[in-house]
Amino acid sequence: RGRREPRPSPFRRGGAKLTRPPPVVFAFFTAAVVGGLVGSQPLSYFRTLAFSWLVPVVLAGLAVQRIGRAGIERVLRLSVLVVSGLAVVEFVAGFHPFQELSGPVAAVNFWSEVQHRGGLVRSEGVFGHGIALGGFIALLAPFAFISSSRVRLSLVPAVLVIGGVLSTLSRGPILSL
């Protein structure tokens, strides 16, 4: 019996290797340190920077090394198509999965409120606001068209993305398409 090779870890030999972050990351953190030293930013701001910016940059670099650019594009394409499709279903069916969600603390129950615009109910998905959902779809819209080479195949993603953004009733994302 042959011994099965373990999957390569990003931190072991043969897997993705941690590399230096791009120079823009260093410039960003340098500006943050200077802001902290002169007193315009609280020192707790660095924790936010580390977890909101540095960790995602490092993980994205590892993901690109691990599955490649084409793999990242496929993941982004699938995510924008699924989110767009669910936004259209939410708008057309009038089904808002978080509408009945509430907890013991009244201050955090704002997630259950459905937003209206122009007499219509907006799609929000898991984003909590139509603008955030529309912005996500509009930002990732180019990935919906990357791998479609035939006109017939590219019509479905176009309809889903446009329908998803229109279902949010958000002017900014609609204009950005």
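In this report, the structure presented in the accompanying data block is examined. (Residues numbered from 1 in each chain as written. Predicted model: local features only at pLDDT ≥ 70, side-chain atom pairs only at ≥ 80, totals over all residues. Heavy atoms only, no water.)

Turning next to the overall build of the protein. Helix and strand counts for the protein come out as 5 helices and 2 strands. Along its sequence from the N terminus, the protein presents helices and strands in the succession α-α-β-β-α-α-α. Carbon and sulfur atoms make up 67% of the accessible area of the protein, which totals about 12500 Å². (Helix = DSSP H or I, 4+ residues; strand = E, 2+ residues; numbered from the N terminus. Areas by Shrake-Rupley, 256 points an atom, 1.4 Å probe, with all protein chains shown as cover.)

Turning next to unusual backbone geometry. Although it is not a glycine, L169 adopts a positive phi angle of roughly 55°. Within the secondary structure, L169 is located in the loop between α4 (151–166) and α5 (171–176). Given a relative accessible area of 16%, L169 falls into the buried group. (Buried < 20%, exposed > 50% of the residue type's maximum accessible area, 1.4 Å probe, protein only.)

So, on to the side chain of E90. In this structure, E90 sits in helix α2 (residues 45–93). Buried charge without a salt bridge: E90, with R122 as the nearest opposite-charge side chain at an N-O distance of 9.9 Å. Once residues within four sequence positions are removed from consideration, E90 is found in contact with F95, H96, P97, R122, S123, E124 and G125. (Lys, Arg positive; Asp, Glu negative; His and termini not counted. Salt bridge = Lys/Arg side-chain N within 4 Å of Asp/Glu carboxyl O. Contact = heavy atoms within 4.5 Å.)

Our focus in this paragraph is α2. With 49 residues, α2 extends only 42 Å from end C-alpha to end C-alpha; this falls clearly short of the ideal 72 Å at 1.5 Å per step. Where α2 bends most, at I67, the angle is about 105°. Residues L49, L62, G71, E73, R77, V80, L81, V83, S84, G85, A87 and E90 constitute the buried set of α2. (Expected span 1.5 Å × (residues − 1). Bend = angle between axes of the 7 residues up to and from the residue.)

One can describe the packing of α2 onto helix α3 (residues 130–144) by two numbers: an axis separation of 9 Å at closest approach and a directional angle of 135°. Viewed along their axes, α2 and α3 adopt a mutual orientation that is oblique. Relative to α3, α2 is oriented so that their crossing is left-handed. Packed against α2, whose contacting residues are E73, L76, R77, S79, V80, L81, V83, S84 and A87, the element α3 presents L133, F136, I137, L140, A141, F143 and A144 at the interface. (Axes fitted to C-alpha atoms, helices over the stretch in contact; angles between N-to-C directions. Parallel < 35°, antiparallel > 145°, perpendicular 65-115°, else oblique. Left-handed = near helix turned anticlockwise from the far one by under 90°.)

The next subject is the nonpolar core. Among the nonpolar cores identified, the biggest contains 11 residues, and these are V80, L81, V83, A87, L133, I137, L140, A141, A144, V161 and V165. Element by element, the count of residues in this core is highest for α3, at 5 residues. Once residues within four sequence positions are removed from consideration, A144 is found in contact with R77, V80, L81, P157 and V161. (Core = buried A, V, L, I, M, F, W, Y, C linked by side-chain atoms within 4.5 Å.)

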